[in-house]
Amino acid sequence: MSHLEMHQFICRSDNYGVLVHDHQTGTTISIDAPDAAAIESELKKRGWQLTHIFTTHHHADHVEGNLALKEQFGCTIIGPKAEADKIPGLRKTVAGGENFTWAGRDVKVYDCPGHTKGHIAYHIPSEFSLFAGDTLFA
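Quick look at the structure, then. Predicted model, so just to flag it, every value in this text is computed and none were measured.

### A look at the overall build of the chain
Scanning the chain from N- to C-terminus turns up three helices and 10 strands. What you see in the chain, going N to C, is helices and strands ordered as β-β-β-α-β-α-α-β-β-β-β-β-β. For 138 residues, the compact-globule formula gives about 14 Å, and the C-alpha radius of gyration of the chain, at 14 Å, lands near that figure. Along the first, second and third principal axes, the C-alpha atoms of the chain reach 35 × 35 × 30 Å. Counting the 138 residues in the chain, one finds 49% classified as buried. Within the chain, residue pairs in contact and separated by at least 24 positions form 41% of the contacts whose partners lie at least 6 positions apart. Entry remark: accessible area of the chain is about 6,800 Å², with carbon and sulfur atoms responsible for 50%. Distance between charge centres in the chain, computed from 12 positive and 17 negative side chains, equals 4 Å.

### Describing the state of the cysteines
Applying the stated rule across the entire model yields zero disulfides. Of all cysteine sulfurs, the one in C75 lies closest to C11, which takes part in no disulfide; the gap is 14 Å. On the basis of relative accessible area, C11 is assigned to the buried category, the value being 0%. Judged by relative accessible area, which is 2%, C75 ranks as buried.

### Things to note about the sheet that holds strand β10 (residues 129–131)
The sheet built from four strands is open, its strands ordered β7-β8-β9-β10 with antiparallel pairing. The open sheet has two edge strands, β7 (99–102) and β10, and neither has a second partner. Averaged over neighbouring strand pairs, the angle between their axes works out to 30° when direction is ignored. With four bridges joining them, β7 and strand β8 (residues 105–111) adopt antiparallel strand pairing. Opposite N99, over in β8, you have K108 as the bridge partner.

Analysis parameters
- Residues numbered from 1 in each chain as written.
- Predicted model: local features only at pLDDT ≥ 70, side-chain atom pairs only at ≥ 80, totals over all residues.
- Heavy atoms only, no water.
- Helix = DSSP H or I, 4+ residues; strand = E, 2+ residues; numbered from the N terminus.
- Rg over C-alpha atoms; globule rule 2.2 N^0.38 Å.
- Buried < 20%, exposed > 50% of the residue type's maximum accessible area, 1.4 Å probe, protein only.
- Contact = heavy atoms within 4.5 Å.
- Areas by Shrake-Rupley, 256 points an atom, 1.4 Å probe, with all protein chains shown as cover.
- Lys, Arg positive; Asp, Glu negative; His and termini not counted.
- Charge placed at Lys NZ, Arg CZ, Asp CG, Glu CD.
- Disulfide = S-S within 2.5 Å.
- Pairing = 2+ DSSP bridges.
- Axes fitted to C-alpha atoms, helices over the stretch in contact; angles between N-to-C directions.

Take it as geometry only, folks, not as evidence of what the structure does.
Shown next, in the form of structure tokens:
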């Protein structure tokens, strides 16, 4: 099923941004939103329109760009139910054990407390992809 392109880029002085684009539907995710200007620049270079932000947790270096990106693109911000009151612009909340569909793909949500109590990860099984934010434990 893969029509996905994933692009990682430097975002802020100490972080990375990740964009995931589905060529078939034209939808694009930003995994977190550390810096609106950097994300906008990368979207423009590729001719992509941001449709979603998948937020992993509430820390500023993951949500600072939310409101500016939502204002510019009208994107849907999805994030952890347990941190809903700390995430600007949040439209849809999810928690571990829940699933939702993005671009015709099943997205599974996992609770990953440790970095923050409400941290979550997004798994797209059909793409063998897991977006874990700041939590990755063995």
